[in-house]
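Now for the letters of each chain:
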Amino acid sequence: MEGNPVLFYARLWGVLFSQALSREMEYRLHLWLKFLIDVVWYGVQLGLFGVLYLHVPQIAGWSREEMFVFLGTLFVVDAFNMLLFSTNFWRIPQYVLTGELDFFLVKPASTFWLVFLRYPNVASLLNLLVALAVLGYALAQAPPLRWEAVVAYPVFLLNGLACMLAFQAAIGAIAVRILAAEGIQQTFHILYQFGMKPDSIYTPLVRRLLLYVFPMGLVASVPAQVLLGRAPWELWVAGLAIPPLLLFASIRFFSASLRWYQGASA
Amino acid sequence: MAVRAYMAIFRVGISAALMYRANFLFTAGLTLLVGIGVQSFLWTAVYSGQSSRSIAGIPFEQMLLYVVCATLSLSLTRSGRIERMVAEEIRLGELSRYLLKPVGHAGYAIAMAAAERIVTLPVVLGLAAVAISIVLPVQLREVVEMLLAALPLLLLGMLVNFLLGLGISYLAFWMDEVWTLHVVKDISLWFLSGQLLPLSLLPSAAAQVSALLPFQHLAYTPAGIMAGLIPVSALPGLLVHALLWCGILSCAVALLWRAGIHRYGAYGG
């Protein structure tokens, strides 16, 4: 690798995205159906809270308009995760079992980067547009925003995404170690369910666990609270400090797990 | 002869289902536990802002019981590994194996799917019995009666989901990939089946439409009976409705098979 590494990886991702787009264009119906999956998921979440707010004015201190900002935030972070990392995360056991990981290890680029970004999910780019539209609609209904919250929001979104990558990297590292790992990969989606609701619905103990130990609360709940101007200072600190630390630790754990990898004969 | 063949397939299916029991206990058990936990936290938060502790006439404790029973019901009725495999068999040409055997393909699939689900049925009924005993002030005999009343709806719910899944898989005669349709169906069912909330909470027009559809029998009607939201006196009407949908879906699946098998081709060894 020569020159600026950021530019190098940006160009590399552009090439990989272009290849993924070519593949998807061969099966366009499949592309639209993949797009439909997340649209239906958005519909289910919006439908659930839409019906609940027909019967109650507030849920755990969140008004209907604020809850929809939370959901818009969740959809945006999820769409980025699906676009960048998710497809790759599910392929890790296959890489290990077939020895395909060998090819990532010998390429002149970061193995972690290649394992988690090799296959972009083109359909999720369309989902991202829908997610942004939901967020835009929710913000149009929400109370006016403060400028510092608007400036900080993208950073918290990025950190929410970093949390998701960190969890997947940690589980991916375990998958490298234990080979037959479909079950362990499901644990990510099971834990993710906690992040699909605002952290204030949980009891104080569970809430602390979700903010500081398994920080699924940092994925969407904290960014939404920052944007709405209702996050206390400790959520600002947690939302800014924990995700980079968690991601750093997960990358180190994943790199260490590669020492257990034994190649195609594993 | 045919019955003996299907019974043999059923026994093989039970052996195959038991092979995955560790996987079931880990993923399905954890999924159920977390799913019920998150739903319980949500409904606790929903009710905590209410002075009356009742929403649409449903007290908090009964709602929690419904959530537990609905999650258990859907986990049972929705499992569909066998139906999904059919699509892969069509795509790879492995369907030819069944065309040479003296059993019908749909019969083979239903025997395997029944075996897969029958293994989890006692677990689900047992957990539901524990939940009912904790929440409702009822005797053991009444708990057994509620479960027995819900059982035929659970069985028909399984059949409805099986037919929906098999119908989607038979679309593989025309399409390269149908797994996306299975995922769309599964995600839709969280809402349409009433797993996330009782369908009686929907706005009246939506509730009327959902009462016409078959999805309610995957979670809402069995869980509603178990939790006492639906009176047992409504059971005969619900059973007729579910049977009617099983008949409609069976005809649709049979038509798909007949049209699809004419297009089917597999080459090589």
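For the structure itself, look to the data block above.
Here goes a summary of the coordinates provided. (Residues numbered from 1 in each chain as written. Chains lettered and ligands numbered in written order. Predicted model: local features only at pLDDT ≥ 70, side-chain atom pairs only at ≥ 80, totals over all residues. Heavy atoms only, no water.)

### Here we look at the overall build of chain B
Tallying secondary structure elements over chain B gives 12 helices and two strands in all. Ordered by position from the N terminus, the helices and strands of chain B form the series α-α-β-β-α-α-α-α-α-α-α-α-α-α. Radius of gyration (C-alpha) of chain B: 20 Å, near the 18 Å computed for a compact globule of 269 residues. Projected onto the principal axes, the alpha-carbon positions of chain B cover approximately 70 × 40 × 35 Å. For chain B, buried positions account for 51% of its 269 residues. For chain B, contacts bridging at least 24 residues in sequence account for 78% of all contacts bridging at least 6. For chain B, the accessible surface area stands at approximately 12400 Å², while carbon and sulfur atoms represent 70% of it. Measuring between centres, the 15 positive side-chain charges of chain B sit 6 Å from its 11 negative side-chain charges. (Helix = DSSP H or I, 4+ residues; strand = E, 2+ residues; numbered from the N terminus. Rg over C-alpha atoms; globule rule 2.2 N^0.38 Å. Buried < 20%, exposed > 50% of the residue type's maximum accessible area, 1.4 Å probe, protein only. Contact = heavy atoms within 4.5 Å. Areas by Shrake-Rupley, 256 points an atom, 1.4 Å probe, with all protein chains shown as cover. Lys, Arg positive; Asp, Glu negative; His and termini not counted. Charge placed at Lys NZ, Arg CZ, Asp CG, Glu CD.)

### So, the interface of chain A and chain B
Note: interface size is frequently given as the accessible area lost on complex formation between the parts. Contacts between the two partners involve 33 residues from chain A, matched on the other side by 34 residues from chain B. Interface of chain A and chain B: buried area, both sides summed, is about 2900 Å²; carbon and sulfur atoms make up 85% of it. It is Ile37, His55 and Ile190 of chain A in chain A that bury the most area against chain B; as a group they hold 18% of the surface buried on that side. Where chain A touches chain B, the interface holds two residue pairs in polar contact (both at pLDDT 80 or more). Within the residue set of the side of chain A that touches chain B, elements represented by two or more residues are α2 (28-55) and α8 (182-195) of chain A. Here the side of chain A that touches chain B takes 16 residues from α2 of chain A, the largest share from any one element. Each residue belonging to the side of chain A that touches chain B can be placed in one class, and the counts come to 23 nonpolar, eight polar and two charged. (Buried area = accessible area lost by both parts, 1.4 Å probe. Polar contact = N/O pair within 3.5 Å; in protein donor to acceptor, adjacent residues only side chain to side chain. Nonpolar A, V, L, I, M, F, W, Y, C, P; charged D, E, K, R; others polar.)

### Remarks on unusual backbone geometry
Located in the positive-phi region is alanine 60 of chain A, a residue other than glycine, with phi close to 50°. Along the polypeptide, alanine 60 of chain A turns up in the loop between β1 (58-59) and β2 (62-63).

### Section: a nonpolar patch on the surface
Taken together, Leu205, Leu209, Tyr212, Val213 and Phe214 of chain A make up a surface patch of nonpolar side chains, about 470 Å² in accessible area. Structurally, phenylalanine 214 of chain A is set in the loop between α9 (204-213) and α10 (221-227). (Patch = residues over 30% accessible without salt bridge, like charges linked within 9 Å, V, L, I, M, F, W, Y side chains within 5 Å. Salt bridge = Lys/Arg side-chain N within 4 Å of Asp/Glu carboxyl O.)

### Quick look at the nonpolar core
Among the nonpolar cores identified, the biggest contains 190 residues, and Phe49, Leu52, Ile59 and Phe116 of chain A together with Trp43, Val46 and Ile132 of chain B are the most heavily contacted of them. Every residue in contact with leucine 52 of chain A, bar those within four places of it in the chain, is listed here: Ile59 of chain A together with Leu42, Trp43, Val46 and Leu197 of chain B. (Core = buried A, V, L, I, M, F, W, Y, C linked by side-chain atoms within 4.5 Å.)

### Side note on the environment of asparagine 161 of chain B
Residues and elements named next belong to chain B. Tracing the sequence through the fold places asparagine 161 in helix α8 (residues 140-170). Considered as a pair, asparagine 161 and leucine 213 are 52 residues apart in the sequence and their alpha carbons are 12 Å apart. Reaching out from asparagine 161, the side chain makes a polar contact with the side chain of lysine 185 at a distance of 2.9 Å.

### Considering the packing of helix α3 (residues 60-78) of chain B against helix α7 (residues 121-135) of chain B
Residues and elements named next belong to chain B. Orientation of α3 relative to α7, taken along the N-to-C sense of each, is 180°, at an axis distance of 10 Å. Classified by the angle between their axes, α3 and α7 sit roughly antiparallel to one another. Taken together, the residues of α7 that come into contact with α3 (itself represented by Glu61, Gln62, Leu65, Val68, Cys69, Leu72, Ser75 and Leu76) are Leu121, Val124, Leu127, Ala128, Ala131, Ile132 and Val135. When the residues that make up the contact of α3 with α7 are grouped by side-chain class, the tally is 12 nonpolar, two polar and one charged. (Axes fitted to C-alpha atoms, helices over the stretch in contact; angles between N-to-C directions. Parallel < 35°, antiparallel > 145°, perpendicular 65-115°, else oblique.)

### What to know about the environment of threonine 44 of chain B
All names here are of chain B. For threonine 44, the location among the structural elements is in helix α2 (residues 21-48). Look at threonine 44 and you get partly exposed, because its relative accessible area is 34%. Threonine 44 sits 36 residues away from alanine 8 along the chain, and the two C-alpha atoms are 47 Å apart. Separated by 2.6 Å, the side chain of threonine 44 and the backbone oxygen of serine 40 make a polar contact.

### Quick look at the packing of α3 of chain B against α8 of chain B
All names here are of chain B. As a packed pair, α3 and α8 sit with axes 8 Å apart at the nearest point and diverge in direction by 50°. Classified by the angle their axes make, α3 and α8 are oblique. In the packing of α3 onto α8, the handedness of the crossing is right-handed. Along its contact with α3, which presents Ser73, Leu76, Thr77 and Arg78, the element α8 presents Leu154, Gly157, Met158 and Asn161. A class-by-class count of the residues in the contact of α3 with α8 yields three nonpolar, four polar and one charged. (Left-handed = near helix turned anticlockwise from the far one by under 90°.)

### Remarks on the layout of surface pockets
Residue and element names in this part refer to chain B. The computed volume of the second largest pocket comes to approximately 230 Å³. Around the second largest pocket sit 13 residues that line it, and Ile36, Val68, Leu72, Leu127 and Ala131 are the ones nearest its centre. When contributions to the lining of the second largest pocket are tallied by element, the ones reaching two or more residues are α2, α3 and α7. The element contributing the most residues to the lining of the second largest pocket is α7, with five residues. For the lining of the second largest pocket, the per-class residue count stands at 12 nonpolar, one polar and no charged. (1 Å grid on protein atoms, 1.4 Å probe; cavity = no way out; pocket = protein on both sides within 12 Å on 5 of 7 lines; lining within 4 Å. Points joined across faces, edges and corners; volume = space filled by probe spheres on them.)

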